[in-house]
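# Descriptive structure summary
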Amino acid sequence: MAATTRRTGAVPLLGLLVIIAGAVLLIAGVITYATVSSTLSDQKITVSDDAGMFAGQHVSQPWEAYAEAMVIGEHASEMAGGKTYAELPRDDPNRESVMTASFLQASLFTSVVAFGVALLAAGLGLVLLLIGYALRRLARVAESSDVATVS
């Protein structure tokens, strides 16, 4: 009785490549998150006392950056009578302060997005590591069943 042997040589290689890609993404995501957190922390920003959450905390995480950005937006809106920077007349004495607030708010929101991208990369890396491991394990199982069939 002749048994047919399957070639699984490409599957372990594919699994290894997926594991490597996963490791790179996981490491890049963790490093990016740590870098954004450290850089944000170096700015020595404290969440305003009138924030709904995290008041008085040092800004180094996305939730703190978001809370401070929201407070900055509220302060700028109060200062400008509910108008945005673009809606203020050029001769309004608050225009420059509202512009600065807008830039600060945008910078904090950008850091929140950067944290999200870092977490996405790390999560995707973890998923790829698991898929690569599963591919390599399936290839081993297939090879051992082929050896058992031939014997």
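Residues numbered from 1 in each chain as written. Predicted model: local features only at pLDDT ≥ 70, side-chain atom pairs only at ≥ 80, totals over all residues. Heavy atoms only, no water.

### Observations concerning the overall build of the chain
Short version of the rule: Secondary structure is summarised from DSSP: a helix means a run of H or I of at least four residues, a strand means a run of E of at least two, and numbering begins at the N terminus for each. Just to be clear, the radius of gyration here is over C-alpha atoms, and the globule rule we use is 2.2 Å times residues to the power 0.38.
Of regular secondary structure, the chain possesses three helices and zero strands. Walking the chain from its N terminus toward its C terminus, one meets helices and strands in the order α-α-α. The C-alpha radius of gyration computed for the chain amounts to 26 Å, which surpasses the reference 15 Å derived for 151 residues by more than 25%, pointing to a less compact arrangement than a globule. The principal-axis extents of the C-alpha atoms in the chain amount to approximately 95 × 30 × 20 Å.

### Here's the deal with the packing of aromatic side chains
Selection rule: Here the aromatic set is Phe, Tyr and Trp, taking the six-membered ring for Trp, and pairing holds for ring centres within 6.5 Å; pairs whose planes are under 30 degrees apart are stacked, those over 60 apart are edge-to-face, and all others are tilted. Each residue gets one of three labels from its accessible area relative to the maximum for its type: buried under 20%, exposed over 50%, partly exposed in between, using a 1.4 Å probe on protein chains only.
Counted according to the given criterion, the structure contains two aromatic pairs. Taken together, a centroid distance of 5.7 Å and an interplanar angle of 55° make the contact between Tyr66 and Phe109 tilted. Taken together, the residues Tyr66 in helix H2 (residues 62-79) and Phe109 in helix H3 (residues 95-150) connect sequence positions 43 residues apart. With a relative accessible area of 39%, Tyr66 lands in the partly exposed category.

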